[in-house]
Amino acid sequence: MSKKEHILVVEDEAHLATGIKYNLDAEGYRVTTVGDGPSALRVLEEATDPVDLVILDLMLPGMSGYDVCETLRASNKELPVLILSARTLAEDRARGFDVGANQYLTKPFDLDEFLSRVKNLLGLHQHRKNSMKDSADEEIIQFEFGNATVNFDTFEVAVNDDPVRLTQLEMTLLRYFVENEGRVIPRAELLEHVWRMPGNLQTRAPDQFIRRLRKTFEPDPANPRHFLTIRDAGYRFLSDPEPDPES
């Protein structure tokens, strides 16, 4: 019998936590619910059955969901985090991604969409664990391009020898570009493999995050040479572009 995937729900509204647990139980997951940040971090540290996904509210008593996610990311770079929040402003979503969330879903939410995101994030987590197990010798750990050095294992990044901090999602996107260097990657593929969202979803998220990578790594972000937009096709990463940008 296969092991049930373990989901930690961090939600202080008891009726909502109960409803989420009920629906996840019905899908066959093992669910632990807590109502505050310190309890969530304690479960993550002490659970004998490791957590496979964190579903996290932002407005928690004492310790915000942002702080919980940031603390989690300091010790665990891979565990997927889905933020559920009534906050709908763009800056709230951006901050959520900045502290390391994989996805952000606003309340009230559609149950089918919620369950789909849970399934996709768990699938991504399992795929990463299997990849690390089966291809540890082939996995790219250290990578250099331009004036940058990146360590995907320790999340250490330096540009011109100065340390740079990237979010979890930025690192995931950068790794995907590195692993697919030279290939034109359609927007739909990025949404499906990096954001774990449907490829036909209308969102500017890839453009926004690629602009952030350009700002970090390109000497002239307005004229990128590493992170290229291929009109009507997608995006392309080159670690060692031609000397002449026009070529």
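Now for a description of the structure that goes with this document. (Residues numbered from 1 in each chain as written. Predicted model: local features only at pLDDT ≥ 70, side-chain atom pairs only at ≥ 80, totals over all residues. Heavy atoms only, no water.)

This part covers the packing of helix α2 (residues 37–46) against helix α3 (residues 65–75). Packing of α2 against α3 brings their axes to within 10 Å, and their N-to-C directions diverge by 25°. Relative to α3, the element α2 lies roughly parallel. The two elements α2 and α3 cross, and the hand of that crossing is right-handed. Contacts between α2 and α3 pair Gly 37, Leu 41 and Leu 44 from the former with Val 68, Thr 71 and Leu 72 from the latter. Of the residues assigned to the contact of α2 with α3, the class counts are 4 nonpolar, 2 polar and no charged. (Axes fitted to C-alpha atoms, helices over the stretch in contact; angles between N-to-C directions. Helix = DSSP H or I, 4+ residues; strand = E, 2+ residues; numbered from the N terminus. Parallel < 35°, antiparallel > 145°, perpendicular 65-115°, else oblique. Left-handed = near helix turned anticlockwise from the far one by under 90°. Contact = heavy atoms within 4.5 Å. Nonpolar A, V, L, I, M, F, W, Y, C, P; charged D, E, K, R; others polar.)

This part takes up the sheet that holds strand β2 (residues 30–34). In any sheet, the strands associate via hydrogen bonds between backbone groups, in a parallel or an antiparallel arrangement. The 5 strands are arranged β2-β1-β3-β4-β5 in an open sheet whose pairing can be described as parallel. Of all strands in the sheet, those bounded by a partner on one side alone are β2 and β5 (103–106). Strand-to-strand, the axes of this sheet are offset by a mean angle of 20°, without reference to chain direction. Where strand β1 (residues 6–10) lies against strand β3 (residues 53–57), 4 bridges are found, and the strand directions are parallel. Looking across to β3, one finds that Val 10 is bridged to Leu 56. Each of β4 (81–85) and β5 touches helix α4 (residues 90–98); the most contacted strand, β5, lies at about 150° to it. (Pairing = 2+ DSSP bridges.)

Let us look at the nonpolar core. Counting 52 residues, the largest nonpolar core has Phe 177, Leu 190, Trp 195 and Phe 217 as its most contacted members. Here this core gets 7 residues from one element, more than from any other, and that element is helix α6 (residues 168–179). Formed by 17 residues, the second largest nonpolar core is a distinct cluster that contains Leu 53, Ile 55, Phe 114 and Leu 121. (Core = buried A, V, L, I, M, F, W, Y, C linked by side-chain atoms within 4.5 Å. Buried < 20%, exposed > 50% of the residue type's maximum accessible area, 1.4 Å probe, protein only.)

Structurally, Asp 57 is set in strand β3. Side-chain polar atoms of Asp 57 contact the side chain of Lys 107, separated by 3.3 Å. Once residues lying within four places of it in the same chain are set aside, the contact partners of Asp 57 are Val 10, Glu 11, Asp 12, Gly 65, Leu 84, Ser 85 and Lys 107. (Polar contact = N/O pair within 3.5 Å; in protein donor to acceptor, adjacent residues only side chain to side chain.)

Throughout the structure, instances matching the rule amount to 13 salt bridges. Close ionic contact of Lys 107 with Asp 57 constitutes a salt bridge, the shortest N to O distance being 3.3 Å. Placement of the pair is Lys 107 in the loop between β5 and α5 (111–134) and Asp 57 in strand β3, with a sequence separation of 50 residues. Here Asp 57 falls in the buried class, since its relative accessible area comes to 2%. Between Glu 179 and Arg 175 there is a salt bridge, and its shortest N-O distance comes to 3.9 Å. Taken together, the positions of Glu 179 and Arg 175, both in helix α6 and 4 residues apart, correspond to about one turn of that helix. (Salt bridge = Lys/Arg side-chain N within 4 Å of Asp/Glu carboxyl O.)

Before going further, it helps to examine the environment of Pro 108. Turning to its location among the elements, Pro 108 is positioned in the loop between β5 and α5. When the C-alpha positions of Pro 108 and Leu 84 are compared, they lie 8.9 Å apart, and in sequence the two are 24 residues distant.

Let us look at the sheet that holds strand β9 (residues 162–164). Taking strand neighbours across the sheet as the criterion, the 4 strands line up as β6-β7-β8-β9 in an open arrangement whose pairing is antiparallel. Of all strands in the sheet, those with a lone pairing partner are β6 (142–145) and β9, marking the two edges. Neighbour to neighbour, the strand axes of the sheet diverge by 20° on average, direction disregarded. Here 4 bridges tie strand β7 (residues 148–151) to strand β8 (residues 156–159), and the two strands are oriented antiparallel to one another. Across the sheet, residue Val 150 finds its bridge partner in β8, namely Val 157. On the sheet, α6 packs against β6, β7 and β8 and is oriented at approximately 105° with respect to β7. This element, helix α8 (residues 205–217), spans β6, β7, β8 and β9 of the sheet and lies at about 60° to β8.

Another point: unusual backbone geometry. Pro 108 follows Lys 107 through a cis peptide bond whose omega is -10°. A positive phi is found at Asn 160, a non-glycine position, where the angle reads about 55°. At Asp 161, a position not held by glycine, the phi torsion is positive, near 70°. Summarising the element assignment, Asp 161 is placed in the loop between β8 and β9.

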